[in-house]
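Okay, here's what each chain looks like letter by letter:
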Amino acid sequence: MSSIEQSWERIHIWLRSNASIILESLQGAADKSEINQLEEIIESKLPQQLIEFYSFHNGINPNVLANLFYGINFISISNTIKQISNYETPNDKKPLKYADCEINSSYTFGRKRLPIASDNGTCLLCVDLDPIDNGLVGQIIFLDYDYSVAFKLANSIEELLEKFSDDLESEKYSLLPEALEEGNEWLSPIKEIDPCNWFNSPTWSHIKI
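Everything numeric here is computed off the predicted structure, so don't read it as measured data.

Asker: What's the story with the overall build of the protein chain in this structure? I'm lost.
Answerer: When helices and strands are counted, the protein chain shows 7 helices and 8 strands. On C-alpha atoms alone, the protein chain measures out to a radius of gyration of 16 Å, which is about the 17 Å that the 2.2 N^0.38 rule sets for 209 residues. With the C-alpha coordinates aligned to their principal axes, the bounding extent of the protein chain is approximately 45 × 40 × 30 Å. Expressed as a percentage of its 209 residues, the buried residues of the protein chain come to 50%. For the protein chain, the proportion of contacts with a sequence separation of at least 24, taken over those separated by at least 6, is 57%.

Here is the structure:
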């Protein structure tokens, strides 16, 4: 069993006991045709880890109010394709005001910066295929495009899943009471690991813009 499969199994176990609605909302494996279409748009092959990632789940059912990694909605490949197809050029040249040293700060949106999760507002969780300096192809970055800020969360999809599994089991996530009252399940991370609220988290207090 691969590390990615092990992590998905740990996630399933936790969700089965604590958030069955979220578990049921996870869609099945991505179609090979969707993977091929995405590769055609970005004009390169996807990292093998990302392909394996999608071989288990292809986002959350859009008709269900639910989320996953870092409390952000896990989107399907078709949604990713829709987003990057809207970019007028391969790179939107608006530079970032802050970016970790592994991230190319010369642009905000690019077809080699693939969204895998979205807060449906101003933030994206992306697989970065265009790193710089000491960055790694396939690293996971958080992009707050309202503030023009980007920072790295994991070195790879494998590490993202492992961290998420660890954090679930370490009780760093809870279910938002307001969502439960309405019959929904919404994961809420503690502020130390909540990138959407990076400006209020001690983890990212070094970011100044």
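Asker: Looking at this structure, I do not really get the packing of aromatic side chains. What am I missing?
Answerer: Here a ring pair, both rings aromatic, is described through the centre-centre distance and the interplanar angle of the planes. Within this structure, the stated rule accounts for 15 aromatic pairs. Ring geometry for F164 against Y173: centres 5.3 Å apart, planes inclined by 85°, an arrangement best described as edge-to-face. With a relative accessible area of 3%, F164 lands in the buried category. Members of the aromatic cluster, connected to one another through ring pairs, are W8, F53, Y54, F69, F74, F164 and Y173.

Asker: Sorry, what's going on with helix α6 (residues 157-169) here?
Answerer: In this model, α6 (13 residues) spans 18 Å end to end at C-alpha, consistent with the 18 Å of a helix rising 1.5 Å per residue. By the burial criterion, the buried members of α6 are I157, L160, L161, F164, S165, D167 and L168. End-on view of α6: buried residues confined to an arc of 165°, all on one side of the axis. One or two positions beyond α6, positive phi appears at E171, with a value near 60°.

Asker: I would appreciate a short explanation of a nonpolar patch on the surface in the present structure.
Answerer: On the surface, a nonpolar cluster with roughly 300 Å² of combined accessible area is contributed by Y147, F199 and I209. With respect to the element layout, I209 can be found in the segment after β8 (187-189).

Asker: Please explain the side chain of S25 as it appears in this structure.
Answerer: Note on placement: S25 falls in helix α2 (residues 20-25). In this structure S25 comes out as buried when scored by relative accessible area, which is 2%. Once residues within four sequence positions are removed from consideration, S25 is found in contact with G59, I60, N61, V64 and A66.

Asker: When you look at the pairing of strand β6 (residues 149-154) in this model, what are you seeing that I'm missing?
Answerer: Within a regular strand, the side chains alternate between the two sheet faces. Across the 6 residues of β6, 5 count as buried, placing the element largely inside the fold. Here strand β2 (residues 98-99) pairs with β6 via 2 bridges, running parallel. Bridge pairing links A99 to A150 in β6. The pairing of strand β5 (residues 139-144) with β6 spans 5 bridges and is antiparallel. Along β6, the bridge assignment pairs F142 with F151. Two successive antiparallel strands, β5 and β6, enclose a turn made up of 4 residues, where S148 displays a positive phi of approximately 60°.

Asker: Would you mind showing me how to read the pattern of salt bridges here?
Answerer: Between side chains of opposite charge, a pair can form as their charged atoms come close. For the structure on display, the rule yields 6 salt bridges. For the salt bridge of R10 with D166, the shortest nitrogen-to-oxygen distance reads 2.6 Å. Of this pair, R10 sits in helix α1 (residues 3-18) while D166 sits in helix α6; the two residues are 156 residues apart in sequence, bridging distant segments of the chain. Via salt bridges that share partners, R10, D166 and E169 belong to a single interconnected network.

Asker: Looking at this model, I keep getting lost on the environment of Y87. Mind explaining?
Answerer: Inspection of the secondary structure assignment puts Y87 in the loop between α5 (77-85) and β2. Judged by its relative accessible area of 12%, Y87 is buried. Those residues in contact with Y87 that sit more than four places away from it in its chain are F109, G110, R111 and P115.

Basis of the calculations
- Once a new chain begins, its residue numbering starts again from 1 and follows that chain's sequence as written.
- Owing to the predicted nature of the model, reporting of local features is limited to residues with pLDDT of at least 70; listing and counting of side-chain atom pairs is limited to 80 or more, with chain, interface and lining totals taken over all residues.
- Side-chain numbers come from the whole structure's heavy atoms, not from hydrogens or water.
- Comment: elements are numbered from the N terminus, with helices defined as DSSP H or I runs of at least four residues and strands as E runs of at least two.
- Computation of the radius of gyration draws on C-alpha atoms, with the globule rule given as 2.2 Å multiplied by the number of residues to the power 0.38.
- Here's how the labels work: a residue is buried when its accessible area is under 20% of the maximum for its type, exposed when over 50%, partly exposed in between, all with a 1.4 Å probe on protein chains only.
- Throughout, a contact is declared for two residues whenever any of their heavy atoms are within 4.5 Å.
- The rule is short: rings of Phe, Tyr and Trp, with Trp giving its six-membered ring, pair when the centres are within 6.5 Å, and they are stacked under 30 degrees, edge-to-face over 60, tilted in between.
- Expected helix span is taken as 1.5 Å per residue step, with the number of steps being one fewer than the number of residues.
- In this context, the arc is that of the directions from the helix axis out to the C-beta atoms.
- Think of a patch as exposed residues, more than 30% relative accessible area, with no salt bridge, where like charges cluster within 9 Å and nonpolar side chains (Val, Leu, Ile, Met, Phe, Trp, Tyr) cluster within 5 Å.
- Note that accessible areas follow from Shrake-Rupley with a 1.4 Å probe, and for residues the cover is restricted to the protein chains shown.
- Salt bridge criterion: a side-chain nitrogen from Lys or Arg within 4 Å of a carboxyl oxygen from Asp or Glu.
- Pairing between strands is defined by DSSP: at least two bridges between the two strands are required.

Read these as layout, nothing more, since geometry by itself doesn't imply function.
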